[in-house]
Amino acid sequence: AVLLALVASADPKPPAEYLIRGATVYDGTGKPGVKADVLVRGDRIAAVGKADPGPGTTVIDGTGLVVAPGFIETDMTA
């Protein structure tokens, strides 16, 4: 019973983390795109700008790619 209580109170697995490095980022305001990093933690944007990956972060080379974080809403239930 004690072991079960310890397992139940343990922190859940942390969300997956992805860093898209060096993509052209558009914010939806009509301004020109800028080269930046986009850090995604789980299903949320954690940072836009210069970001350093933590341990276990999957790094994606965004060179030549376009990212529009938060500009395009994919959750149609919101």
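Report on the accompanying structure. (Residues numbered from 1 in each chain as written. Predicted model: local features only at pLDDT ≥ 70, side-chain atom pairs only at ≥ 80, totals over all residues. Heavy atoms only, no water.)

1. Side note on the pattern of salt bridges
Item 1. Applying the stated rule across the entire model yields three salt bridges.
Item 2. A salt bridge links Arg41 to Glu17, with the nearest nitrogen and oxygen atoms 2.7 Å apart. One end of the pair, Arg41, is in strand E2 (residues 34-41); the other, Glu17, is in strand E1 (residues 17-25), and 24 residues separate them in sequence.
Item 3. A residue is classified by how much of its surface remains accessible, and Glu17, at 16% relative accessible area, is buried. (Salt bridge = Lys/Arg side-chain N within 4 Å of Asp/Glu carboxyl O. Helix = DSSP H or I, 4+ residues; strand = E, 2+ residues; numbered from the N terminus. Buried < 20%, exposed > 50% of the residue type's maximum accessible area, 1.4 Å probe, protein only.)

2. Overview of the side chain of Glu17
Item 1. Reaching out from Glu17, the side chain makes a polar contact with the side chain of Arg41 at a distance of 2.7 Å.
Item 2. Among the polar contacts made by the side chain of Glu17, one reaches the side chain of Thr57 at a distance of 2.6 Å. (Polar contact = N/O pair within 3.5 Å; in protein donor to acceptor, adjacent residues only side chain to side chain.)

3. Observations concerning the environment of Val25
Item 1. Along the chain, Val25 falls in strand E1.
Item 2. When its relative accessible area of 8% is taken as the criterion, Val25 is described as buried.
Item 3. Taking C-alpha positions, Val25 is 4.8 Å from Val67, a pair spaced 42 residues apart along the chain.
Item 4. The contacts of Val25, once residues within four sequence positions are left out, are Gly33, Val34, Ala36, Val38, Val48, Val67 and Pro69. (Contact = heavy atoms within 4.5 Å.)

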